[in-house]
Amino acid sequence: MTVRIAQISDLHFGRTAAAIAENLLADLRDLDATLVAVCGDLTQRAKDTEFQAARAFLGRLPAPALVVPGNHDLPVWPIWTRIARPWHPWRRQFGANPADVTTHSGDGLTAVGLNTARRSSLHVDWSRGRVNDRQVAAALRVFEESPRGDLRVLVAHHPFLLEPRAGGHGLVGRSDLALRQLHQRADLLLGGHLHLAYSGVADGLVVAQSGTTLSNRLRGEPNSYNLIEADGDQLTVETRQWNGDRFDTYERSTYARHDLDWSRTP
Ligand SMILES: [Fe+2]
Ligand SMILES: [Fe+2]
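In short, a report on the structure. (Residues numbered from 1 in each chain as written. Chains lettered and ligands numbered in written order. Predicted model: local features only at pLDDT ≥ 70, side-chain atom pairs only at ≥ 80, totals over all residues. Heavy atoms only, no water.)

1. So, the coordination of the iron ion (ligand 2)
Those donors, Asp41 (OD), Asn71 (OD1), His157 (NE2) and His193 (ND1), are the protein atoms that reach the iron ion (ligand 2), and they lie 2.2 to 2.3 Å from it. The metal-metal distance between the iron ion (ligand 2) and the iron ion (ligand 1) is 3.5 Å, with Asp41 serving as a donor to both. Taken together, the positions of Asn71 in the loop between β3 (65-67) and α3 (79-84) and His193 in the loop between β7 (188-191) and β8 (198-202) put the pair 122 residues apart, joining distant regions of the chain. Judged on exposure class, the residue Asn71 and its partner His193 are both buried. (Donors = N, O, S within 2.8 Å, 3.2 Å for Na, K, Ca; no water. Helix = DSSP H or I, 4+ residues; strand = E, 2+ residues; numbered from the N terminus. Buried < 20%, exposed > 50% of the residue type's maximum accessible area, 1.4 Å probe, protein only.)

2. Some points on the pattern of salt bridges
This model, assessed by the stated rule, comprises 15 salt bridges. The residue Arg60 makes a salt bridge to Glu22 at a minimum N-O spacing of 2.8 Å. Note that Arg60 is positioned in the loop between α2 (48-59) and β3 and Glu22 in helix α1 (residues 18-31), a separation of 38 residues in sequence. Note on Arg60: relative accessible area 42%, which makes it partly exposed. Residue Arg240 is joined to Asp27 by a salt bridge in which the shortest nitrogen-to-oxygen separation is 3.2 Å. On the criterion of sequence distance, the pair formed by Arg240 in strand β11 (residues 234-242) and Asp27 in helix α1 is long-range, its members being 213 residues apart. One exposure class covers both Arg240 and Asp27, and it is buried. One salt-bridge network, in which partners are shared between bridges, spans Asp27, Glu238, Arg240 and Arg252. (Salt bridge = Lys/Arg side-chain N within 4 Å of Asp/Glu carboxyl O.)

3. Focus: the sheet that holds β8
Strand order across the open sheet formed by 6 strands is β4-β5-β6-β7-β9-β8, with mixed pairing between neighbours. Edge positions in the open sheet fall to β4 (101-106) and β8, since each of these has one partner strand only. Between one strand axis and the next, the sheet turns by 20 degrees as a mean value, whatever way the strands run. Strand direction decides the pairing type here: β4 and strand β5 (residues 109-114), joined by 6 bridges, are antiparallel. Within β5, the position partnered with His104 by the bridge is Ala111. (Pairing = 2+ DSSP bridges. Axes fitted to C-alpha atoms, helices over the stretch in contact; angles between N-to-C directions.)

Printed below as a string of structure tokens:
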């Protein structure tokens, strides 16, 4: 059974181009995706109008979606709102705080979404997220109970794998702990935050990072999303990049699983 995931990220409503959003929706309608993974930063400044636009967009997705928040979905100002009621703007739109852990399963896929955005941090950079023991344990429980043969996917905003061009950005806090525990017990980690598209392998898991799909907050590369197809022990990450007119295939990376570990294939 082929599992097909459309990975979109960093929509940043408030800084989006409407034409790109309409093209993306048309693309997704043609894909017949098993799941749309939405890797956070729905908004630019966590404003009500931005959340309204994000929610309207999510409501138009033509496949089931698993949505996690990003650091931009927390208000930066006033600081007391961020500390005392960090998810108030999100809750006003979606009716509840984002869950620490969300799940989606069916059609050969078990996916777990983790909220890695934090209102504050001991780290100087508050935009840097974190994953905690409880979330990893919950994900492992879901994967252990998943049907045999399911593709096991973790969806987060912050990255579990960096490339040199990510500059000074760090990995999601406690990524080492998470990767150690997920080793051979999950298949695929999806992230965003860096506005850079790439994929690779970390601790035997495939990691796919999506660029910013809709926003004009570009960091040296065009808007993009990933189309991921998995069939048994084979997996392909295809980055589809905006060429000014439509999304087009830019890069394809293939991976294979041997003895529970994934590696890149030539
Ligand atoms: Fe972002
Ligand atoms: Fe972010």
